[in-house]
Amino acid sequence: MSVISVQNNIGQPKYKQIILSIEKAIEDGKLLKGGRLPSVNKVCLEFSLSRDTVLQSYDELKKRGIIYAIPGKGYYVKSVETTIKQRIFLLFDELNIFKEDIYNSFLKNIGKNVQVDIFFHHFNVKVFQKLINDSNGNYTKYIIMPTDLNDVVDSIKTLPVNEVIILDQTNPQLKSYPAIYQNHKKDIFEGLLKGKTRLNKYKKLILIFPGFREPLGMKLGFEDFCTEYNFEHEVITEFAAREITTGDLYIIPNDRDLVNVIENARKQNLKLGNDFGIISYNETPLKKIVASGITTISTHFEAMGKILAEMVLKGKKEQIENKSSLILRNSL
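Below, the structure is looked at part by part. (Residues numbered from 1 in each chain as written. Predicted model: local features only at pLDDT ≥ 70, side-chain atom pairs only at ≥ 80, totals over all residues. Heavy atoms only, no water.)

Thoughts on the pattern of salt bridges
At step 1: Applying the stated criterion across every chain, the model contains 16 salt bridges.
At step 2: Between arginine 87 and aspartate 117 there is a salt bridge, with the nearest N and O atoms lying 3.6 Å from each other. Taken together, the residues arginine 87 in strand S3 (residues 86-92) and aspartate 117 in strand S4 (residues 114-120) connect sequence positions 30 residues apart.
At step 3: Given a relative accessible area of 11%, arginine 87 falls into the buried group. (Salt bridge = Lys/Arg side-chain N within 4 Å of Asp/Glu carboxyl O. Helix = DSSP H or I, 4+ residues; strand = E, 2+ residues; numbered from the N terminus. Buried < 20%, exposed > 50% of the residue type's maximum accessible area, 1.4 Å probe, protein only.)

Okay, structure coming up:
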């Protein structure tokens, strides 16, 4: 029983005809889960095709999760779900509310016939490398959030170059890949500049920058702004039980530090927005109401997810800088 049909002069690439034949055979019950496909050599001989043509069709089905290969034995049906047209590998650094916003927006805009598998490397280079290695060849698209990890570029370069999109942070070594990213150095500089008239009331600007997960661009943009506009400033790695001085303004990337600063201010009977100020990084719904409103510098995470979906669906190859803004509230 033949499950593959290839015809000449019908205006459809032969590798595509093989894919459609196999999909139809699965849908008609001619190929069942675990069933063996005709060998590459057999298809080549029967239809006078090159190995590259047959392998191209089998590889696409493999990336979509429909078939799998056993070295030395052949190809077998892995899934009878043929409606999945794209299978996407999505590698985040960690799960937080901001990444959840990107993910939900991406799912909302990517369409129904797409399977998205999400993974996390937790800023661990070895985990990152293993996840990339294990996924290679099994997906139609690879969306990678490399953060600023060292020694991961070589791993990314093992993936098919036309199937990779860089998310959130990029660098000169990855400039050949399409990307949707934040320009943290520019974003914090321009955010502070937009709020400069309010910043002038403060004696000292303090950035809490642990430096483990936070992008270096934040620190560089903060220092550039303070130097250019003559603000007294300091960069600290942790807040701990630090005493807040009247006239301090804290720029806080991490929400745990945000809570610590607010709690400490209450113990010192300091009024936020009057005695001292806060600018938080990354917008969340709670920051609209916590302490009568927290000022934030934030990229637009839902927009990032939407643009990412468009890049996948339309095959865009650009490097797109996601917009950021300063959202002024009572903490400044």
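Next comes the rest of the write-up.
Some details on the packing of aromatic side chains
At step 1: Under the counting rule described, the total for this entry stands at 14 aromatic pairs.
At step 2: Measuring from centroid to centroid gives 6.3 Å for phenylalanine 189 and tyrosine 229, while their planes differ by 50°, and the two rings are tilted. With a gap of 40 residues between them, phenylalanine 189 in helix H7 (residues 184-194) and tyrosine 229 in the loop between helix H9 (216-228) and strand S9 (233-236) connect regions that are remote in the sequence.
At step 3: Using a relative accessible area of 17% as the deciding quantity, one classes phenylalanine 189 as buried.
At step 4: Given a relative accessible area of 28%, tyrosine 229 falls into the partly exposed group.
At step 5: Measuring from ring centre to ring centre gives 5.6 Å for phenylalanine 239 and tyrosine 250, while their planes differ by 80°; the resulting arrangement is edge-to-face. Placement of phenylalanine 239 in the loop between S9 and strand S10 (248-252) and of tyrosine 250 in strand S10 is noted, with a sequence separation of 11 residues between them. Assigned by exposure class, phenylalanine 239 and tyrosine 250 land together as buried.
At step 6: Joined through ring pairs, the aromatic side chains of Phe89, Phe119, Tyr139 and Tyr142 make up one cluster.
At step 7: Between arginine 87 and the ring centre of tyrosine 139, over which it is positioned, the NZ or CZ distance is 4.4 Å. (Phe/Tyr/Trp six-rings, centres within 6.5 Å; stacked < 30°, edge-to-face > 60°. Lys NZ or Arg CZ within 6 Å of the ring centre and 35° of its normal.)

Structural notes on the nonpolar core
As a rule of thumb, nonpolar side chains are buried together in soluble globular proteins.
At step 1: Core analysis: the largest hydrophobic core is formed by 22 residues, its most contacted members being Ile4, Ile18, Ile22 and Tyr58.
At step 2: Of all the secondary structure elements, the ones that give two or more residues to this core are helix H1 (14-27), helix H2 (40-47), helix H3 (51-63) and strand S2 (74-77).
At step 3: A per-element tally of this core places H1 first, with 5 residues.
At step 4: Among all residues touching tyrosine 58, those that are not within four sequence positions of it are Ile4, Ile18, Ile22, Leu37, Pro38, Val40, Val43, Ile67 and Tyr75.
At step 5: Ile102, Phe106, Met304 and Met311 belong to the second-largest nonpolar core, a separate cluster that totals 21 residues. (Core = buried A, V, L, I, M, F, W, Y, C linked by side-chain atoms within 4.5 Å. Contact = heavy atoms within 4.5 Å.)

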